[in-house]
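What follows is the residue order along each chain.
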Amino acid sequence: MADIDWEEPYCGEGNNCFRIGTDADGNAYIAVAGQEDRPLVDTRDALRTLIQEIKAGRADHLLKD
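Read on for an overview of the structure.

Right, let's talk about the side chain of aspartate 23 for a bit. By the element assignment, aspartate 23 lies in the loop between strand S3 (17-22) and strand S4 (27-32). It is arginine 44 that comes nearest to the buried, bridge-free aspartate 23 among opposite-charge side chains, at 5.2 Å. Ignoring anything within four residues of it in the chain, the contact list for aspartate 23 reads Ala2, Asp3, Tyr29 and Arg44.

Here you go:
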């Protein structure tokens, strides 16, 4: 696996933590904290788009109870 530079975990309540990382080849990674050996992998552009869409509220419907 590539040498991934992981950010600190983003955590909600309890143990619900995600980690985001990047590598020197332009790939982006998202993993559950503690399971970094099984990440979702895509490009940095895809990660950028995901973050922009979330910030714009386009995933808010997933958070409704």
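After presenting the structure, the write-up continues.
Attention now goes to the environment of glycine 21. Relative to the helices and strands, glycine 21 is located in strand S3. What makes glycine 21 buried here is its relative accessible area of 2%. Separated by 18 residues in sequence, glycine 21 and aspartate 3 place their C-alpha atoms 9.8 Å apart. If we ignore the near neighbours within four places in the chain, the residues touching glycine 21 are Ile4, Asp5, Trp6, Asn27, Ala28 and Tyr29.

Turning next to the pattern of salt bridges. Scanning all chains against the criterion turns up three salt bridges. The salt bridge involving arginine 19 is made with glutamate 36; its shortest N-O contact spans 3.1 Å. Of the two residues, arginine 19 is situated in strand S3 and glutamate 36 in the loop between S4 and strand S5 (40-43); the sequence distance between them amounts to 17 residues. Judged by relative accessible area, which is 18%, glutamate 36 ranks as buried. Note that glutamate 53 is salt-bridged to arginine 58, the shortest N-O span being 3.5 Å. The exposure class of arginine 58 is exposed, given its relative accessible area of 52%.

Criteria and cut-off values
Residues numbered from 1 in each chain as written. Predicted model: local features only at pLDDT ≥ 70, side-chain atom pairs only at ≥ 80, totals over all residues. Heavy atoms only, no water. Helix = DSSP H or I, 4+ residues; strand = E, 2+ residues; numbered from the N terminus. Buried < 20%, exposed > 50% of the residue type's maximum accessible area, 1.4 Å probe, protein only. Lys, Arg positive; Asp, Glu negative; His and termini not counted. Salt bridge = Lys/Arg side-chain N within 4 Å of Asp/Glu carboxyl O. Contact = heavy atoms within 4.5 Å.

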